[in-house]
Amino acid sequence: MSVIQIPDELVDLRASLRQFVDREVRQREDAHRQEIQESGTFAARREVWQQIRRASAEAGFFTLHMPEDLGGAGLSYLGQVLLFEEATRHGHVTATGEAVLPIVTGPTPIYVDCTDEQKDRFLKPLMTAEKSTCFALTEPEAGSDATRIRTRAEKADGGWVLNGRKHFISGGDVADFALVFAVTDSEKRAQGGITAFFVESDTPGYSVTRQQKTMSPYQNPVELTFEDCRVGDDQVLGKVGFGFYSAVKGINGARLQIAATALGIASNLLERMTEYAQSRIAFGRPIGANQFVQGMVVDSYAELEQARLLVYKLAADIDDGADGRREAALAKLVATEMVGRVADRCIQVHGGQGYMTELGLEAWYRDVRAMRLYEGTSEILRANVAKTLGLSG
């Protein structure tokens, strides 16, 4: 599709989400505004996060992205991009933390491989936001190359025994259960030897052993340790040995959602940058009259517009039948690289004030840096796109 035509129903849906964010997110954050200005976050964030998730589930936004046969609305990829961008373009701290719309801590299309019993036990409470989950794949020696994971699951009477350690697990500190990937056949590994297990957090041997501090005030993943952690055969997702095949079911959607989140954050930063350039007076005139400042604002505007058009088009292409691997990888690559540059310019335009915590700009600057790392580093995404162009070695 050469020109993106947004259907009226998606425009209306986006407007409804805008009202929801204003009603349910803004008012809650305003109660903690001073604390946010001082530190970039606030102590009651988890409590407010859960309140917003349940409100989103009740309003029907939380599960729009899910397939209809799993109880969702089967929202198109373009629709998902529009909503994720809208949720995050207002600059609210909680809106970017999977409160309004989930990426990995709530329901995802991976649950299509669930048995009926697993849907009742694990999926339904995620759909209503009564519970949260985490995606436990990454390990200290297995990041981009997840085939190197060492966590093992050995067959035992009526089930499996897991031993190993995961790290950089987003939402792992509040997850009611984890989807854990473990080696079940060391010879086959990614070719039929890695299995996905549902593991509830109160299972003996399951523990959150460390919270990992990051440069972002909003993202503090955890380390999970499994010591003789026993699960039943009924907790295997899909087929034994084919955990990776289940995992890829949601990768395109997750990458597009992250790309859209980057668009939303960049939009907010650009707005703040422009307003400051218009109102800040130096040497008798607004700093926006200075061509150096104009260049930073215009470059940010141009890059955001280019990234938005590209992400919209790539999402629409997938809706129209494209494979999705190239499209989702390219969308995330371009949008997340873009938001990092916009955040840097935003601080530069604000000068010393931008470096202070009270404006919250430096917090966003630190937060968006991680977007180029998770769900595929920029380097891995470039390699993925290169393969689709016939450049594989």
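Use the structure listed above.
Residues numbered from 1 in each chain as written. Predicted model: local features only at pLDDT ≥ 70, side-chain atom pairs only at ≥ 80, totals over all residues. Heavy atoms only, no water.

**Q** Any chance you could explain the overall build of the protein here in plain terms?
**A** The number of helices and strands found in the protein is 12 helices and 10 strands. Its C-alpha radius of gyration of 21 Å places the protein within 12% of the 21 Å reference for a compact globule of 393 residues. With the C-alpha coordinates of the protein rotated into their principal frame, the extents come out at 80 × 45 × 40 Å. When each of the 393 residues of the protein is scored for burial, the buried share is 52%. When contacts within the protein are restricted to residue pairs at least 6 apart in sequence, long-range pairs at least 24 apart make up 74% of them. (Helix = DSSP H or I, 4+ residues; strand = E, 2+ residues; numbered from the N terminus. Rg over C-alpha atoms; globule rule 2.2 N^0.38 Å. Buried < 20%, exposed > 50% of the residue type's maximum accessible area, 1.4 Å probe, protein only. Contact = heavy atoms within 4.5 Å.)

**Q** Explanation requested: helix 5 (residues 116-127) in the structure shown.
**A** Every α-helix winds through 3.6 residues per turn, so residues three or four apart in the chain are directed the same way. Of the positions making up helix 5, those classed as buried are Q118, F122, L123, P125, L126 and M127. Lining the buried residues of helix 5 we find helix 3 (45-59), strand 1 (133-136), strand 4 (177-183), strand 5 (194-200) and strand 8 (236-237). Where helix 5 ends, the next residue or the one after it, A129, has phi of about 65 degrees, a positive value.

**Q** So what exactly am I meant to see when it comes to the side chain of Q118 here?
**A** Residue position: Q118 is located in helix 5. Of note is the side chain of Q118, whose polar atom sits 3.0 Å from the backbone nitrogen of T115. The residues touching Q118, leaving out its near neighbours within four places in the chain, are D113, L123, F198, D234, Q235, V236 and L237. (Polar contact = N/O pair within 3.5 Å; in protein donor to acceptor, adjacent residues only side chain to side chain.)

**Q** How should the pattern of salt bridges be read in this particular structure?
**A** Close approach of charged atoms allows side chains of opposite charge to pair. Scanning the model with the defined rule gives 28 salt bridges in all. The salt bridge involving E24 is made with R23; its shortest N-O contact spans 3.4 Å. The exposure class of E24 is buried, given its relative accessible area of 17%. With a relative accessible area of 43%, R23 lands in the partly exposed category. Between K155 and D233 there is a salt bridge, and its shortest N-O distance comes to 3.0 Å. Note that K155 is positioned in strand 2 (residues 152-156) and D233 in the loop between strand 7 (222-232) and strand 8, a separation of 78 residues in sequence. (Salt bridge = Lys/Arg side-chain N within 4 Å of Asp/Glu carboxyl O.)

**Q** Got a minute to help me understand unusual backbone geometry in this structure?
**A** With glycine set apart, most residues show a phi of negative sign, and most peptide bonds adopt trans. Here the phi dihedral of F283 falls at roughly 55 degrees; this positive angle occurs in a residue that is not glycine. The phi dihedral of E375 falls on the positive side, at around 55 degrees, and the residue is not glycine. Relative to the assigned elements, E375 resides in the loop between helix 11 (361-368) and helix 12 (378-388). E375 gets classed as partly exposed once you look at its relative accessible area, which sits at 23%.

**Q** What's the story with the environment of P7 in this structure? I'm lost.
**A** Residue position: P7 is located in the segment before helix 1 (8-30). Along the primary structure P7 and L78 are separated by 71 residues, whereas in three dimensions their C-alpha atoms are 9.8 Å apart.

**Q** What is the right way to read the nonpolar core from this model?
**A** Inside soluble globular proteins, nonpolar side chains tend to come together where they are buried. L17 and V100 are the most contacted members of the largest nonpolar core, which totals 67 residues. Secondary-structure elements contributing two or more residues to this core are helix 1, helix 3, helix 4 (77-88), helix 7 (251-279), helix 8 (291-319), helix 9 (325-350) and helix 11. Per-element accounting of this core gives the leading share, 14 residues, to helix 7. Those residues in contact with L17, other than ones at most four positions away along the chain, are F61, L83, E86, A87, V100 and L101. If you look at the next biggest cluster of nonpolar residues, it comprises 24 residues, including F122, M127, L237 and A247. (Core = buried A, V, L, I, M, F, W, Y, C linked by side-chain atoms within 4.5 Å.)

**Q** Can you help me understand the packing of aromatic side chains in this one?
**A** Within a pair of aromatic rings, the relevant descriptors are the distance that separates the centres and the angle that separates the planes. The tally for this structure, following the rule as stated, stands at 11 aromatic pairs. Geometrically, the ring pair formed by Y111 and F198 is stacked, given 5.8 Å between the ring centres and 25 degrees between the ring planes. Here Y111, found in the loop between helix 4 and helix 5, pairs with F198, found in strand 5; they are 87 residues apart in sequence, far enough to count as distant. As far as burial versus exposure is concerned, Y111 and F198 are alike and both buried. Ring pairing ties together the aromatic residues Y111, F122, F177 and F198, which thus form one cluster. We note R46 situated over the ring of W49; from NZ or CZ to the ring centre the distance is 5.2 Å. When the ring centre of W160 is taken as origin, the NZ or CZ atom of K155, which lies over that ring, is 5.2 Å away. (Phe/Tyr/Trp six-rings, centres within 6.5 Å; stacked < 30°, edge-to-face > 60°. Lys NZ or Arg CZ within 6 Å of the ring centre and 35° of its normal.)

**Q** Sorry, what's going on with the packing of helix 1 against helix 3 here?
**A** How two helices sit against one another is set out by the angle between their axes and by the gap between those axes. Orientation of helix 1 relative to helix 3, taken along the N-to-C sense of each, is 165 degrees, at an axis distance of 10 Å. Relative to helix 3, the element helix 1 is oriented roughly antiparallel. Judged by the twist between their axes, the crossing of helix 1 over helix 3 is right-handed. Where helix 1 abuts helix 3, its residues F20, E24, V25 and R28 lie against V48, Q51, I52, A55, S56 and A59. Tallied by class, residues from the contact of helix 1 with helix 3 come to six nonpolar, two polar and two charged. (Axes fitted to C-alpha atoms, helices over the stretch in contact; angles between N-to-C directions. Parallel < 35°, antiparallel > 145°, perpendicular 65-115°, else oblique. Left-handed = near helix turned anticlockwise from the far one by under 90°. Nonpolar A, V, L, I, M, F, W, Y, C, P; charged D, E, K, R; others polar.)

**Q** Help me out: how do you make sense of the environment of V208 in this one?
**A** Mapping V208 onto the fold places it in strand 6 (residues 206-211). Along the chain, V208 and Q306 lie 98 residues apart, while their C-alpha atoms are 42 Å from each other.

**Q** I'm lost on the side chain of T108 in this one. Help?
**A** Among the secondary structure elements, T108 is positioned in the loop between helix 4 and helix 5. A residue is classified by how much of its surface remains accessible, and T108, at 15% relative accessible area, is buried. In this structure, T108 is in contact with H65, M66 and I103, ignoring residues within four places of it in sequence.

**Q** How should I be thinking about the packing of helix 7 against helix 9 in this particular structure?
**A** Look at helix 7 against helix 9: their axes get within 8 Å of each other, and the N-to-C directions meet at 20 degrees. By the angle between their axes, helix 7 is roughly parallel relative to helix 9. The two elements helix 7 and helix 9 cross, and the hand of that crossing is left-handed. Its residues assigned to classes, the contact of helix 7 with helix 9 shows 22 nonpolar, three polar and five charged.

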